[in-house]
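# Inside the fold
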Amino acid sequence: LQTRQGDLANIKPMLSNQWAWLYGMMAGSDHRPTNSAFARFNDLAAELDGHLAELRSVFTADVAAFNALVGSRGGGPVIVPRMRETVTSEGGSGGN
């Protein structure tokens, strides 16, 4: 993606920005969130769940393979801190 400097209209919003926008819309209202706000929340939560699953895979498989390779050459392992518990779009616990 090539854009001119300052041309933000051509850049896809990052997931964190979309969460911040949704939070601002909901926190700035005295009323119950709309059905479309709930739908957007579920969409963003599903996207986030996918990214978290990919991250867990990297931490378990890829880091383990890297540590085996580095260890075979006398290096020390990469130590990944335990992930905090997360709430999935279904409302359950999604962490390790």
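Preceding this paragraph is the structure being described.
Before going into details, it helps to say that this report is about the structure given with it.

Rules used throughout
- Residues numbered from 1 in each chain as written.
- Predicted model: local features only at pLDDT ≥ 70, side-chain atom pairs only at ≥ 80, totals over all residues.
- Heavy atoms only, no water.
- Helix = DSSP H or I, 4+ residues; strand = E, 2+ residues; numbered from the N terminus.
- Buried < 20%, exposed > 50% of the residue type's maximum accessible area, 1.4 Å probe, protein only.
- Contact = heavy atoms within 4.5 Å.
- Areas by Shrake-Rupley, 256 points an atom, 1.4 Å probe, with all protein chains shown as cover.
- Expected span 1.5 Å × (residues − 1).
- Bend = angle between axes of the 7 residues up to and from the residue.
- Phe/Tyr/Trp six-rings, centres within 6.5 Å; stacked < 30°, edge-to-face > 60°.
- Axes fitted to C-alpha atoms, helices over the stretch in contact; angles between N-to-C directions.
- Parallel < 35°, antiparallel > 145°, perpendicular 65-115°, else oblique.
- Left-handed = near helix turned anticlockwise from the far one by under 90°.
- Nonpolar A, V, L, I, M, F, W, Y, C, P; charged D, E, K, R; others polar.
- Polar contact = N/O pair within 3.5 Å; in protein donor to acceptor, adjacent residues only side chain to side chain.

The next subject is the overall build of the protein. A count of helices and strands for the protein gives 2 helices and 0 strands. Per-residue burial over the protein gives 17% buried out of 96 residues. Counting only contacts in the protein whose residues sit at least 6 apart along the sequence, the fraction spanning at least 24 positions is 43%. Total accessible area on the protein is roughly 7,600 Å²; 59% of this is exposed by carbon and sulfur atoms.

Let's shift gears to helix 2 (residues 35-72). Between its first and last C-alpha, helix 2 extends 55 Å over 38 residues, near the 56 Å set by a 1.5 Å rise per residue. Maximal helix bending in helix 2 amounts to about 30°, located at Val58. Among all positions of helix 2, only Ala37, Leu44, Ala45, Asp49, Leu52, Arg56, Val63, Asn67 and Val70 are buried. Of the surrounding elements, those touching the buried residues of helix 2 are helix 1 (15-27). Positioned one or two residues after helix 2, Gly74 has a phi angle of 85°, which is positive.

Moving on, we get to the packing of aromatic side chains. Here the structure, examined in full by the defined rule, presents 1 aromatic pair. Look at Trp19 and Phe41: their rings are 5.3 Å apart centre to centre, the planes differ by 80°, and that puts the pair in the edge-to-face class. A residue pair is termed long-range when its members are at least 10 positions apart, and Trp19 in helix 1 and Phe41 in helix 2 qualify at 22 residues. Accessibility expressed as a relative area gives 23% for Trp19, which makes it partly exposed. Taking relative accessible area as the criterion, Phe41 reaches 32% and is therefore assigned partly exposed.

Next up on the list: the packing of helix 1 against helix 2. It is the contact of helix 1 with helix 2, at a shortest axis distance of 11 Å, that shows an interaxial angle of 150°. With respect to helix 2, the axis of helix 1 lies roughly antiparallel. The chirality of how helix 1 crosses helix 2 is left-handed. Side by side, helix 1 and helix 2 meet where Leu15, Gln18, Trp19, Leu22 and Met26 of the first sit next to Ala37, Arg40, Phe41, Leu44, Ala45, Glu47, Leu48 and His51 of the second. When its residues are assigned to classes, the contact of helix 1 with helix 2 shows 9 nonpolar, 2 polar and 2 charged.

Our next topic: the side chain of Asn67. Structurally, the position occupied by Asn67 is in helix 2. A relative accessible area of 19% places Asn67 in the buried class. Among the polar contacts listed, one links the side chain of Asn67 to the backbone nitrogen of Val78, at a separation of 2.6 Å. If we ignore the near neighbours within four places in the chain, the residues touching Asn67 are Pro77 and Val78.

Don't take any of this as a statement about function, it's just geometry.
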